[in-house]
Amino acid sequence: MIEKYFNLSANHTTIRTEFVAGLTTFVSMAYILFVNPSVLGAAGMDKGAVFTATGLIAAIATIFMGIVAKYPFAIAPGLGINAFFAYSVVLGMGVKWQTALAAVFVSGVIFWLLTIFKIREVIINAIPADLKSAIAGGIGLFIAFLGLSDGGIVAANKDTIIGFGDWSKPATLLTIFGILVTFALFARHVPGAIFIGLVITAVAGLIIGQVHAPTEIISTVPSLKPTFGQAIFGLKDLGSLQMLVAVVTFLLVAFFDTAGSLIGAARAGGFLVNNELPNAGKALMADSIGMLGGSLLGTSPTTAYIESSTGIAVGGRTGLTSVFTGIFFILALAFSPLLTVVTSQVTAPALIVVGVLMAGSLGSIDWEDFPMAAAAFLTVLGMPLSYSISDGIALGFIVYPFLMLVTGRGKEVHPIMYGLGAVFVAFMVILQIG
């Protein structure tokens, strides 16, 4: 039944391969279970409730993605947008976290309507193929930068903005060890190289004391009561200009973070057909459910995770990968102490390897066509430098239609791209004013 439903043979995969891919994706993004409560906790939210909400909505949305859309893409509360929620909206604007959740809920409703009427799908399919390649390559540089930064290989430098970190630290040495091991495994075409690299790095971390062994195996799942349904109660406080800005920002960031991550993962896995993602509507619906459901459970907006590419890289080709990833998120709620071994040093090598793989898409960009080359370049460079996928996309989407117009090629641009350019100009103005 599983073989028939997911067409495993036709996709040149097996249940075992999909299992390993699902586990690899889960391990690569399991950090969100602990990072999200920490970030939202700064806004006054109950960390235990956020932990449970994060795991539950990741499981629900990812399993939906697997069963309905049949793609190996995982969904969970996004990094970056959760920081905007906590530090900009709650702490910066001085609003209650319940009101901020209400803003996420309203954004989720709009998100869902855009998906139902297939507006999101039309927008994504209107993006030129070269810009989609730029998005994928830019995300590759971005996540590689995340891995290098989390692992301590690069760090802030007051003289040069950024430079090498302290490589004498055991944690950084563990990252370097993991990168070399994972690179070697991948170079030798070892099946499951990324996952094996993760395991070896974690074991090495335990041996040298940089990864702490869990004190227990099973723990009680924290209650959702402190956050469940608070978004509904917060609706009464919406209406100010500040909250309108928050709703619009949540919507735009979630829309294009997801679009960028979906395109990047789809491009890496070879799922695009004639520059379009088949069944894109169903994939986007999974994300809409995640955003809407997450706000009700008590967490910031969800997004498709580019870490899905780690599972794709080890052979994940169908929705069964996502089903397994979702199941692991459910199991993680009871076995959360075991996840303490999944530190940033353990996951950094996987992010860097996937970054290398995704950068390959840059080769398909027409660098001789300057308007496209300039837009692609700013997209790629903007993501790691702004520490935001959405900001990088904004730069490219503003410059591309502008340059096409001034070179007399405006008719070659899809009308939607002009609309997106205008939206992103407004979006950048709002960010600068805020």
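A few points on the structure. Given the structure is predicted, the values throughout are model-derived calculations rather than measurements.

1. Describing the overall build of the protein
- When its secondary structure is counted, the protein shows 19 helices and four strands.
- Taking 22 Å as the expected radius of gyration for a compact globule of 434 residues, we find that the protein reaches 21 Å, a close match to that expectation.
- Counting only residues that meet the buried cut, the protein has 56% of its 434 residues in that class.
- Put simply, of all contacts in the protein between residues at least 6 apart along the chain, 80% involve residues at least 24 apart.
- Per element, the accessible surface of the protein, about 17700 Å² overall, is 69% carbon and sulfur.
- In the protein, which carries 18 positive and 19 negative side-chain charges, the distance between the mean positions of the two groups comes to 7 Å.

2. Remarks on the environment of F329
- With respect to the element layout, F329 can be found in helix α15 (residues 319-334).
- The residues contacting F329, other than those within four sequence positions of it, are F26, M29, I32, L33, G55, A58 and A59.

3. A few points about helix α13 (residues 280-297)
- Helix length check: α13 (18 residues) gives 26 Å between terminal C-alpha atoms against 26 Å at 1.5 Å per residue, within 8%.
- Counting buried positions along α13 yields 14 of 18 residues, so the element is predominantly enclosed.
- Directly after α13, the chain includes G298, whose backbone phi takes a positive value near 120°.

4. Side note on unusual backbone geometry
- The phi dihedral of N7 is positive, around 50°, even though this residue is not glycine.
- Relative to the assigned elements, N7 resides in the loop between α1 (2-6) and α2 (15-29).
- Within the chain, K70 stands out as a residue other than glycine whose phi angle is a positive 65°.
- Here K70 shows up in the loop between α4 (47-69) and β1 (75-77).
- Of the residues examined, K70 reaches a relative accessible area of 33% and is grouped as partly exposed.

5. A look at the pairing of strand β3 (residues 161-164)
- As paired strands, strand β2 (residues 154-157) and β3 are joined by four bridges and run antiparallel to one another. Each residue of the ladder has a partner; that of N157, found in β3, is I161.

6. Here we look at the nonpolar core
- The biggest cluster of nonpolar side chains holds 115 residues, and the ones touching the most others in it are F26, M65, F73, F85, F250 and F397.
- Considering each element in turn, this core owes the most residues, 15 residues, to helix α12 (residues 241-269).
- In contact with F73, other than residues within four places in its own chain, are T62, M65, L262, A265, A266, F271, L277, S308, I312 and S322.
- Residues A134, I365, A376 and V380 belong to the second largest nonpolar core, which totals five residues.

7. With respect to α15
- Helix length check: α15 (16 residues) gives 24 Å between terminal C-alpha atoms against 22 Å at 1.5 Å per residue, within 8%.
- Burial analysis of α15 places 12 of its 16 residues in the buried class, the great majority of the element.
- Burial in α15 covers these residues: G319, L320, T321, S322, V323, F324, T325, G326, F328, F329, A332 and L333.
- Those residues of α15 that are buried are in contact with α1, α2, α3 (32-41) and α4.

8. Focus: empty space enclosed by the protein
- Scanning the model with the defined rule gives one cavity of 30 Å³ or more in all.
- As a volume, the largest cavity reaches approximately 40 Å³.
- Lining of the largest cavity is provided by I124, K132, L262, I263, A266, L272 and L277.
- Among the elements that take part in the lining of the largest cavity, α12 stands out by supplying three residues, more than any other.
- Of the residues assigned to the lining of the largest cavity, the class counts are six nonpolar, no polar and one charged.

9. As for the packing of helix α17 (residues 370-386) against helix α18 (residues 389-406)
- Contact geometry of α17 with α18 gives a least axis separation of 7 Å together with a crossing angle of 165°. Relative to α18, the element α17 is oriented roughly antiparallel. For the pair α17 and α18, the sense of crossing is right-handed. Mapping the contact onto sequence places F370, P371, M372, A374, A375, L378, T379, G382, M383 and S386 in α17 and I389, D391, G392, I393, L395, G396, V399, Y400, L403 and M404 in α18.
- Residue classes in the contact of α17 with α18 are distributed as 14 nonpolar, five polar and one charged.

10. Brief notes about the pattern of salt bridges
- On inspection of all chains with the given rule, the structure shows two salt bridges.
- In this structure, the salt-bridge partner of R409 is D369, at a minimum N-O distance of 2.9 Å. You can see R409 sitting in the loop between α18 and α19 (415-433) and its partner D369 sitting in the loop between α16 (344-358) and α17, a full 40 residues away along the chain.
- Judged by its relative accessible area of 17%, D369 falls in the buried class.

11. What to know about the packing of aromatic side chains
- Applying the stated criterion across every chain, the model contains 11 aromatic pairs.
- Every member of this aromatic cluster is reached through a ring pair, and the members are F19, F26, F324, F328 and F329.
- The positively charged end of K70 is found above the aromatic ring belonging to Y5, 4.0 Å away from the centroid.

12. Thoughts on a nonpolar patch on the surface
- On the surface, I217, I218, I327, L331, F335 and L338 cluster together to form a nonpolar patch covering roughly 500 Å² of accessible area.
- Relative to the helices and strands, I327 resides in helix α15.
- Overall, I327 belongs to the partly exposed group, its relative accessible area being 36%.

About the thresholds
- Residues numbered from 1 in each chain as written.
- Predicted model: local features only at pLDDT ≥ 70, side-chain atom pairs only at ≥ 80, totals over all residues.
- Heavy atoms only, no water.
- Helix = DSSP H or I, 4+ residues; strand = E, 2+ residues; numbered from the N terminus.
- Rg over C-alpha atoms; globule rule 2.2 N^0.38 Å.
- Buried < 20%, exposed > 50% of the residue type's maximum accessible area, 1.4 Å probe, protein only.
- Contact = heavy atoms within 4.5 Å.
- Areas by Shrake-Rupley, 256 points an atom, 1.4 Å probe, with all protein chains shown as cover.
- Lys, Arg positive; Asp, Glu negative; His and termini not counted.
- Charge placed at Lys NZ, Arg CZ, Asp CG, Glu CD.
- Expected span 1.5 Å × (residues − 1).
- Pairing = 2+ DSSP bridges.
- Core = buried A, V, L, I, M, F, W, Y, C linked by side-chain atoms within 4.5 Å.
- 1 Å grid on protein atoms, 1.4 Å probe; cavity = no way out; pocket = protein on both sides within 12 Å on 5 of 7 lines; lining within 4 Å.
- Points joined across faces, edges and corners; volume = space filled by probe spheres on them.
- Nonpolar A, V, L, I, M, F, W, Y, C, P; charged D, E, K, R; others polar.
- Axes fitted to C-alpha atoms, helices over the stretch in contact; angles between N-to-C directions.
- Parallel < 35°, antiparallel > 145°, perpendicular 65-115°, else oblique.
- Left-handed = near helix turned anticlockwise from the far one by under 90°.
- Salt bridge = Lys/Arg side-chain N within 4 Å of Asp/Glu carboxyl O.
- Phe/Tyr/Trp six-rings, centres within 6.5 Å; stacked < 30°, edge-to-face > 60°.
- Lys NZ or Arg CZ within 6 Å of the ring centre and 35° of its normal.
- Patch = residues over 30% accessible without salt bridge, like charges linked within 9 Å, V, L, I, M, F, W, Y side chains within 5 Å.

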